[in-house]
Amino acid sequence: MSGECVLVVEDDELVGSLLLRICKWLEFDAVLTADGSAGIAALGTDDFQLVITDLKMPGASGIEVARHAQTLDPAPAVIVVTGFSTPEEDDEIARAGAALLRKPFDARTARSVIEAALQ
Amino acid sequence: MTDNVDRLEALMATLLGVANASFDTRAPRTYEGDEWDVLAFLVNSTADEVQNLLQDLETEREELKTAQDRLVQSERLAALGRLSAGVAHEINQPLTVITGLTDLIRLEPDKTIADVEEDLALIAEACRQLCVIADSIRSYGRTSQVATSATPALAAPEGAAQLLATVLQDRGIALTWDVPSSLPDIEANVDELRQVFINLLSNASDALATVKDPTITVSITATAGELVYRVRDNGPGVELESPSSIFEPFVTTKSAGEGTGLGLSIAQRIVVDHHGSIEYISLPDQGACFDVRIPRADCARERTG
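Structure report, in brief. Note that the coordinates shown come from a computational prediction; the quantities given were computed from them, not determined experimentally.

Some points on empty space enclosed by the protein
Residues and elements named next belong to chain B.
Working step 1: One pass over the structure, following the stated rule, counts one cavity of 30 Å³ or more.
Working step 2: Of the pockets and cavities examined, the largest cavity occupies roughly 70 Å³.
Working step 3: If you go around the largest cavity, the residues you meet are Arg7, Ala10, Leu11, Ala27, Pro28, Thr30, Trp36, Asp37 and Ala40.
Working step 4: Those elements giving two or more residues to the lining of the largest cavity turn out to be helix H1 (2-19) and helix H2 (35-107).
Working step 5: When the residues that make up the lining of the largest cavity are grouped by side-chain class, the tally is six nonpolar, one polar and two charged.

Structure, rendered in structure tokens:
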């Protein structure tokens, strides 16, 4: 598992840096966008194998990003990162075909969620 | 004759007691059925009735007070709940960064300190954010008896404008003043009150980031008891379900890392400490508008005697 193209959508600069750093550790090529609508726009420009997105962001939510990703062919795997989500949001994330990564997480947890999502 | 004077005095003493809400005295009865005795009976029953009513009133007031206390307590607990949820959310971001990066560093033990320099810088930044959050909470939770004195009306808003002058200039924001030539002093602690205007002006300038001809207007009007400071911008305004929720801690329209959502609740606490009030005025399609009311020094001194 290396060389995959990853889109990171995260409005918190620090958490965005962490996600990029984890991608680098896993030897992925990662791109960062700072909000939901920029994330959706970026999805149209490149073939990504994986999208790691925050849940609550300006522009569009992580669920909207996941739903948009689902419409692509081939559809990239999606991981929604969140500290707090309601059971309803968890359902919506699952229905959008995305995996959930709960903050705070360590690098190993992130790796296993990413590996499972790329299976 | 003397007898009648005594009786009259007893009746008056009873009525005087009722008038003063002290019910120790009753008019003596003869039970002879004469008019004096009927009068004594009527006065005494009136005194009894008023005494009972007052006792009932007192009991009901105590019950009401208990119910009110309970309501305040539950409101406080609800606010604490919201505060805790907000704190948890704020802390979670830097915590994630620290957790993730320390784990990465431990997973790559062959790397040197120089190799992980960037990681360490990010961890340090995350720690700094945690400190800012801790400071904000401390400032929010502090209940203060502010020492106030007669203060010129413009001291606090002008002080804030001076501190923010560079920020406003860099963003091309015009700050206009609509102020009468003479204004009475207010009863204020200028350091505390300046913070209120710093928070209002910074919020306004953040809201104006994408606006054409960004302008903030500060207008001041004097009423009989207070000065009304109106801070208005021509930004997009704030859409809220309830206008007062804007002052609740951690209510923010800003993205993560841009604001803690404590600015307006701190401003509100300071204004309330000044025996004043702060209100969000919702003007459709006209940007955000806040009215801050601070007691005039002459009126404040009359009140405290």
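After that view of the structure, there is still more to cover.
Quick notes on the pairing of strand E5 (residues 226-233) of chain B
For a regular strand, side-chain orientation follows a simple rule: the groups alternate between the two sheet faces.
Residue and element names in this part refer to chain B.
Working step 1: Here strand E4 (residues 215-222) pairs with E5 via seven bridges, running antiparallel. Looking at the pairing, Ser219 lines up with Arg230 of E5.
Working step 2: Hairpin connection from E4 to E5: three residues lie between these consecutive antiparallel strands.
Working step 3: Both E5 and strand E7 (residues 288-295) contribute to a ladder of seven bridges, which runs antiparallel. Each residue of the ladder has a partner; that of Arg232, found in E7, is Cys289.

Notes on the environment of Ile114 of chain A
Residue and element names in this part refer to chain A.
Working step 1: Along the chain, Ile114 turns up in helix H5 (residues 107-118).
Working step 2: Its relative accessible area of 3% is what places Ile114 among the buried residues.
Working step 3: Along the primary structure Ile114 and Ala77 are separated by 37 residues, whereas in three dimensions their C-alpha atoms are 8.9 Å apart.

Some thoughts on the pattern of salt bridges
Residue and element names in this part refer to chain B.
Working step 1: Taken as a whole and judged by the stated rule, the model has 20 salt bridges over all chains.
Working step 2: A salt bridge links Glu58 to Arg61; the shortest N-O distance between them is 2.8 Å. Of this pair, Glu58 and Arg61 are both found in helix H2, three residues apart, which corresponds to roughly one turn of the helix.
Working step 3: Look at Arg61 and you get exposed, because its relative accessible area is 55%.
Working step 4: Taking the shortest distance from any N to any O, the salt bridge between Arg230 and Asp291 comes out at 2.7 Å. Within this pair, whereas Arg230 is found in strand E5, its partner Asp291 is found in strand E7, the two being separated by 61 residues in sequence.

Overview of the side chain of Ser219 of chain B
Residues and elements named next belong to chain B.
Working step 1: Along the chain, the position of Ser219 falls in strand E4.
Working step 2: With relative accessibility at 17%, the residue Ser219 sits in the buried group.
Working step 3: Setting aside chain neighbours within four positions, we find Ser219 in contact with Asp178, Val228, Tyr229 and Arg230.

Considering the packing of helix H2 (residues 36-43) of chain A against helix H3 (residues 62-70) of chain A
Residues and elements named next belong to chain A.
Working step 1: Orientation of H2 relative to H3, taken along the N-to-C sense of each, is 10°, at an axis distance of 9 Å. Looking at the two axes, H2 sits roughly parallel to H3. On H3, the residues touching Gly36, Ile40 and Leu43 of H2 are Glu64, Val65, His68 and Ala69.

A short note on the sheet that holds strand E1 (residues 5-9) of chain A
All names here are of chain A.
Working step 1: The parallel open sheet is built from five strands, whose spatial order is E2-E1-E3-E4-E5. Edge strands, defined here as strands with exactly one partner in the open sheet, are strand E2 (29-33) and strand E5 (99-102). In this sheet, neighbouring strand axes are inclined to one another by 20° on average, regardless of whether the strands run parallel or antiparallel.
Working step 2: Across the face of the sheet, H2 comes into contact with E1, E2 and strand E3 (50-54) while running at roughly 160° to E1.

So, the sheet that holds strand E6 (residues 277-282) of chain B
Neighbouring strands of a sheet are bound in pairs by backbone hydrogen bonds; such pairs are parallel or else antiparallel.
Residue and element names in this part refer to chain B.
Working step 1: Overall, mixed pairing links the five strands, which are arranged E2-E4-E5-E7-E6 in an open sheet. In the strand order of this sheet, the two ends are held by strand E2 (174-178) and E6, each with one partner. In this sheet, adjacent strand axes meet at a mean angle of 15° when their direction is disregarded.
Working step 2: Strand direction decides the pairing type here: E6 and E7, joined by six bridges, are antiparallel. Across the sheet, the residue bridging to Ser282 is Ala288, located in E7.
Working step 3: Sitting on the sheet, helix H5 (residues 190-207) touches E2, E4, E5, E6 and E7, and the angle it makes with E5 is about 20°.

The rules behind each value
- Residues numbered from 1 in each chain as written.
- Chains lettered and ligands numbered in written order.
- Predicted model: local features only at pLDDT ≥ 70, side-chain atom pairs only at ≥ 80, totals over all residues.
- Heavy atoms only, no water.
- 1 Å grid on protein atoms, 1.4 Å probe; cavity = no way out; pocket = protein on both sides within 12 Å on 5 of 7 lines; lining within 4 Å.
- Points joined across faces, edges and corners; volume = space filled by probe spheres on them.
- Helix = DSSP H or I, 4+ residues; strand = E, 2+ residues; numbered from the N terminus.
- Nonpolar A, V, L, I, M, F, W, Y, C, P; charged D, E, K, R; others polar.
- Pairing = 2+ DSSP bridges.
- Buried < 20%, exposed > 50% of the residue type's maximum accessible area, 1.4 Å probe, protein only.
- Salt bridge = Lys/Arg side-chain N within 4 Å of Asp/Glu carboxyl O.
- Contact = heavy atoms within 4.5 Å.
- Axes fitted to C-alpha atoms, helices over the stretch in contact; angles between N-to-C directions.
- Parallel < 35°, antiparallel > 145°, perpendicular 65-115°, else oblique.

Function-wise, these values are silent; they only describe arrangement.
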